[in-house]
Amino acid sequence: MLSLSEEYLIHRKWMRQALRLSQLAGEAGEVPVGAVIIDSSQNMIALCVNRKQRDNDPHRPCGNSRYKRSNAQVTKLAAS
């Protein structure tokens, strides 16, 4: 089991990544949203930036995201 300080550092690492992604989205004229999904072993499952304007598709805000797993798996994981 991780100590609170170790857990904090892990969360901070992934939050920084999400913030960098949101900055990229904002610089591209999007609403600045970035997301990183990790599993319980601290492995990245997916990352995504807001691409609604660039892709001209209001139903897919993450557009062509870099998924290590299929979209269905990521959606299922995010919902649980």
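For the structure, see preceding data.
None of these values were measured; they are calculated from a predicted model.

Q: What is the right way to look at the pairing of strand E1 (residues 34–38) in this model?
A: In regular strands, side chains alternate between the two faces of the sheet. Pairing geometry for E1 and strand E2 (residues 44–49), over five bridges, is antiparallel. Counterpart to Ile38 in the pairing with E2 is Met44. The hairpin formed by E1 and E2 contains five residues between the paired strands, and Gln42 there has a positive phi angle of roughly 65 degrees.

Q: Any chance you could explain helix H1 (residues 4–27) here in plain terms?
A: An α-helix turns once per 3.6 residues; consequently, residues spaced three or four apart project the same way. Over its 24 residues, H1 extends 34 Å from the first C-alpha to the last, a length consistent with the 34 Å expected when each residue adds 1.5 Å. Turning to H1, its buried residues number three or more, namely Trp14, Ala18, Leu21, Ser22 and Ala25. In this fold, the buried residues of H1 make contact with E1, E2 and helix H2 (52–55). Gly29, located one to two residues past H1, shows a positive phi value of around 90 degrees.

Q: Would you take a moment to explain unusual backbone geometry for this structure?
A: Excluding glycine, residues mostly carry a negative phi; peptide bonds, for their part, are mostly trans. Located in the positive-phi region is Gln42, a residue other than glycine, with phi close to 65 degrees. With respect to the secondary-structure elements, Gln42 resides in the loop between E1 and E2.

Q: Explanation requested: the environment of Glu30 in the structure shown.
A: Among the structural elements, Glu30 can be located in the loop between H1 and E1. Residues Glu30 and Lys52 lie 22 residues apart in sequence; the distance between their C-alpha atoms is 7.2 Å. Excluding anything up to four places from it in sequence, Glu30 contacts Ala25, Asn50, Arg51, Lys52, Gln53 and Arg54.

Q: Quick question: what am I supposed to make of the environment of Val33 here?
A: As for its placement among the helices and strands, Val33 is situated in the loop between H1 and E1. Classification of Val33 as partly exposed rests on a relative accessible area of 43%. Through-space distance from the C-alpha of Val33 to that of Cys48 is 8.4 Å; in sequence the pair is 15 residues apart. Residues contacting Val33, with those up to four places away along its chain left out, are Leu21, Ser22, Ala25, Cys48, Val49 and Asn50.

Definitions and limits used
Residues numbered from 1 in each chain as written. Predicted model: local features only at pLDDT ≥ 70, side-chain atom pairs only at ≥ 80, totals over all residues. Heavy atoms only, no water. Pairing = 2+ DSSP bridges. Helix = DSSP H or I, 4+ residues; strand = E, 2+ residues; numbered from the N terminus. Expected span 1.5 Å × (residues − 1). Buried < 20%, exposed > 50% of the residue type's maximum accessible area, 1.4 Å probe, protein only. Contact = heavy atoms within 4.5 Å.

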